[in-house]
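Commentary on secondary and tertiary structure
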Amino acid sequence: MNFLKSLTIAVLAISSFSITSQTQLHQHNGFVRCATVEYDQIRRSQHPEIGTKLEFEAWISQEIRQFKQQKSNNRLPVLTIPVVVHVIHNGDAVGSGENISTAQVLSQIQVLNEDYRKMLNSPGYNTNPVGADVEIEFCMAVVDPNGNATNGVDRVNLGQVSWAQSGIEATLKPQTIWDPTQYLNIWTCRFGGSASSLLGYAQFPDASGLSGMPSSGGAANTDGVIINYNAFGTSAVDDGTFNLNPTYNLGRTVTHEVGHWLGLRHIWGDGPCGQDDFCNDTPLASAANYGCPTGTSSCGSVDMIENYMDYTDDACMNIFTEDQKTRIRTVLNSSPRRASLVTSTVCSSNNAPPVCSFAPSTTSVVAGNSVNFTDGSTGSPTSWSWNFDNTSLGGVTPSTSTVQNPTGITYSTVGTYQVQFSATNANGTCTSNTTINVVLSSGCDTLDNFVATDSLAIYASNQASQGSPFGYIAGWNNYGDISKAEYYSGYSPYTHVTGMDVYFSGVYDGGNGATVDFNIWSQSAGKPSTILGTATASLLQLDNALSNVSGQGVLHVTFPSVVNVGGSPFYCGITMNGFNSNDSLGIVTSTIHTPTNSGWEQWSDNTWHAYDEQASWNINLTHYMTPYVTDMPVSGTITATPNSICAGSAITFNATGVNANAYSWYFPSADNENTTGASTTATYSSPGNYTAYLYIDGTCDGSYT
């Protein structure tokens, strides 16, 4: 697995960093697990009126004693905390980059409920004698601060790629926060600057106005939890849209940070054995634990590495203790902005209308073709209304519908159409609009991420720590990379890929039987996902094709059948199969004019990474991979008359092609095995069952078999 790739002999090092010059954050495997304590130190140093941690502990210990005296042996009531998740991005499409999908958001709420309720048959369940059901549940808000319906996901484009801690506290949180007395505010974003490796942090609860605490508390407009976008949610229910890092991918970063937000401290007390987390049933520990070091002992006892407030991997965590529960419930009973949450009504949908959401199968269609629409509204609508031609341009069949998910809406006339959608339940109606662009057929084209002034180059892999380095960054190399791919989007009105050009360099077949797949991948969670179409060649074939030009040149491949990409973002590229150290293959690239994240690679562990990631090559590369696209895909049908004959008789075959240029027939075991033309005959002299094959050559370099 490639954790760091290098272009030079020197091995790049990832240095640790600090939020301020006085506060050092600790990395493990390139990540800072949590910065809540460090952030709290900064907050208290900047605002002395907040008071010290010892003052807070003196107050809460008194509140805990009172809480225990008031609590009977009966079970505590289950408390519900309303949540709003602010998804901060810079214009990414939903499900891409930092603009994580709604399904990924909801998966995190599921994890919180499993962990805080110690839910049976879930990863949050444990049989530890001190393991506690905290009896807290989390719900997505359905009413926003203005009284409007919401699904609890607040998507905000702040026009900035990444955020350092100073910008988060001064700008991101204050500009987007919802009333913290009614909502638990959780933000997701891409951390940047000195916080680029951080997974998340939280603001501890305030006790302003209570005995033992100063009258002025911390800022309400920063209260909540903020998480790196790819540590939010769980891969356990990934529907293909999630964007998660491979280690912290089960949602426990949020469980940990919400624990801080509810008053819990790190289980080792943020110090050596003499420090405490103020929970008697959590064993003392000398430091944080990482990975899942079962049986680790310090301070004379076995560390509780499975506790959510340690730094172990997500899969290792599964326990809050009874004393941690008491501490949490005391905060919810006494701390002002926490206590008000349990009586908040923003999760009640009794008076909320639906929240409209819908998706067309495409937003650009060639005249004469159709579009399907899918309702994604929340709030349990009971009726729907669609107007597919809201500005009355004409040429739409049908122009209206009342079904939930209408299909086959045909646009016959060129123009820009407004679609209006309404959904209704007993509490009201929501409305949403989108546009459909109807265009004339454009025929064929090629896509590329180059401009005429770009300089082309081939970059060699060079990493001494990997043994004898060999190969190419964009190609086969000593890291064992599997695939290389180029990202394309915004190619309307084209809908299909017929083939691709690849500019190869250094192609050599070492006699190992290696093959190369030329692939088209769909996109999911901002990365290559499902292979939509493929064509395969042996490395020997590529070597032979380029032998007269010293293994370097542009080769074209046509897919056996045109690949439907439907106007959605896709990736074209190659997969290298069965390569060995004496095989060679490189792809020509450019770093001069490069769209961000256009070049991607699949590592030996099957994970995908953009070249500009710090853990990858940390450079911005564009591959010379040029897909051929069309909105005139070739297709066809065959008829045979008759389809049962006596030996020695002939069958007439007729082909009907769409966007067809030529027809080639293959009749195995017939008297005439190969013929051409839209209509032909074949004679079979021997009895038997036979298969006929038709190859249609498309007008735009495509084929159909």
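Our subject is the structure that appears above.
In short, a report on the structure. Predicted model only: the values in this text are computed from it and were never measured. Numbering of residues begins from 1 in every chain and follows the order in which that chain's sequence is written. Totals for whole chains, interfaces and linings use every residue, but because this is a predicted model, local features are given only for residues with pLDDT of at least 70 and side-chain atom pairs only at 80 or more, for both listing and counting. Note that water and hydrogens are dropped before the side-chain values are worked out from all heavy atoms of the structure.

1. Let's talk about the overall build of the chain
- Every helix listed is a DSSP run of H or I at least four residues long, and every strand listed is a run of E at least two residues long, numbered separately from the N terminus. For the chain, the count of helices and strands is eight helices and 42 strands.
- Relative accessible area decides the class of each residue, using a 1.4 Å probe on protein chains only: under 20% of the type maximum gives buried, over 50% gives exposed, and in between gives partly exposed. Evaluated residue by residue, the chain yields a buried proportion of 50% over its 705 residues.
- Pairs at least 24 residues apart make up 69% of the contacts formed inside the chain by residues separated by at least 6 positions.
- Residue exposure ignores everything except the shown protein chains as possible cover, and the areas themselves are Shrake-Rupley values with a 1.4 Å probe. With the model as given, the accessible surface of the chain reaches about 28700 Å², and the carbon-plus-sulfur share is 48%. Contact definition: two residues touch when any of their heavy atoms are within 4.5 Å.

2. Focus: the side chain of threonine 255
- Its place among the elements puts threonine 255 in helix H5 (residues 252-261).
- A 3.5 Å cut-off defines polar contacts: any pair of N or O atoms within that distance qualifies, except that in protein one atom must be a possible hydrogen donor and the other a possible acceptor, and neighbouring residues in sequence count only when both atoms are side-chain atoms. Separated by 2.8 Å, the side chains of threonine 255 and aspartate 115 make a polar contact.
- Setting aside residues up to four positions removed in sequence, threonine 255 forms contacts with Val111, Leu112, Asp115, Tyr116, Tyr308 and Phe320.

3. Observations concerning the pattern of salt bridges
- Whenever Lys or Arg places a side-chain nitrogen within 4 Å of a carboxyl oxygen from Asp or Glu, that contact is recorded as a salt bridge. Tallied over the entire structure, the rule returns ten salt bridges.
- The partner of arginine 117 in a salt bridge is aspartate 133, and the shortest N-O contact between them spans 2.8 Å. On the criterion of sequence distance, the pair formed by arginine 117 in the loop between helix H3 (102-116) and strand E6 (136-140) and aspartate 133 in the loop between H3 and E6 is long-range, its members being 16 residues apart.
- Under the relative-accessibility criterion, arginine 117 is labelled buried at 18%.
- For the salt bridge of aspartate 481 with lysine 484, the shortest nitrogen-to-oxygen distance reads 2.8 Å.

4. Points about the nonpolar core
- Membership of the largest hydrophobic core comes to 40 residues, with the highest contact counts inside it found for Phe504, Phe518, Leu542, Phe570, Ile574 and Leu585.
- Looking at which element gives the most residues to this core, the answer is strand E25 (residues 496-508), with five residues. Here, nonpolar core refers to any group of buried Ala, Val, Leu, Ile, Met, Phe, Trp, Tyr and Cys residues whose side-chain atoms link them within 4.5 Å.

5. Things to note about the sheet that holds strand E15 (residues 369-371)
- In short, DSSP must find at least two bridges between two strands for them to pair. Read from one edge to the other, the open sheet built from three strands follows the order E15-E20-E18, with strand pairing classed as antiparallel. Since the sheet does not close on itself, it has two edges, and those belong to E15 and strand E18 (396-397), each with one partner.
- Pairing geometry for E15 and strand E20 (residues 409-411), over three bridges, is antiparallel. Bridge pairing in E20 links serine 370 to threonine 410.

6. A few points about the side chain of threonine 188
- By the element assignment, threonine 188 lies in strand E8 (residues 184-189).
- In this structure threonine 188 comes out as buried when scored by relative accessible area, which is 0%.

7. Some thoughts on the packing of aromatic side chains
- Only the six-membered ring of Trp is used, alongside the rings of Phe and Tyr, when aromatic pairs are assigned; centres must lie within 6.5 Å, and planes under 30 degrees apart are stacked while those over 60 apart are edge-to-face, with the rest tilted. Applying the stated criterion across every chain, the model contains 30 aromatic pairs.
- Judged by centre distance (4.9 Å) and plane angle (75°), the rings of tryptophan 268 and tyrosine 311 are edge-to-face. With tryptophan 268 in the loop between H5 and strand E11 (297-298) and tyrosine 311 in the loop between strand E12 (301-302) and helix H6 (322-334), the pair connects residues that are 43 residues apart, well separated along the chain. Comparing tryptophan 268 with tyrosine 311 shows no difference in burial state: the two are buried.
- For the ring pair tyrosine 487 and tyrosine 571, a centre distance of 5.2 Å and an interplane angle of 50° mean the geometry is tilted. Here the residue tyrosine 487 occupies a position in strand E24 (residues 483-488), and tyrosine 571 occupies one in strand E29 (residues 570-577), the gap between them amounting to 84 residues.
- Residue classification places tyrosine 487 among the partly exposed residues on the basis of a relative accessible area of 22%.

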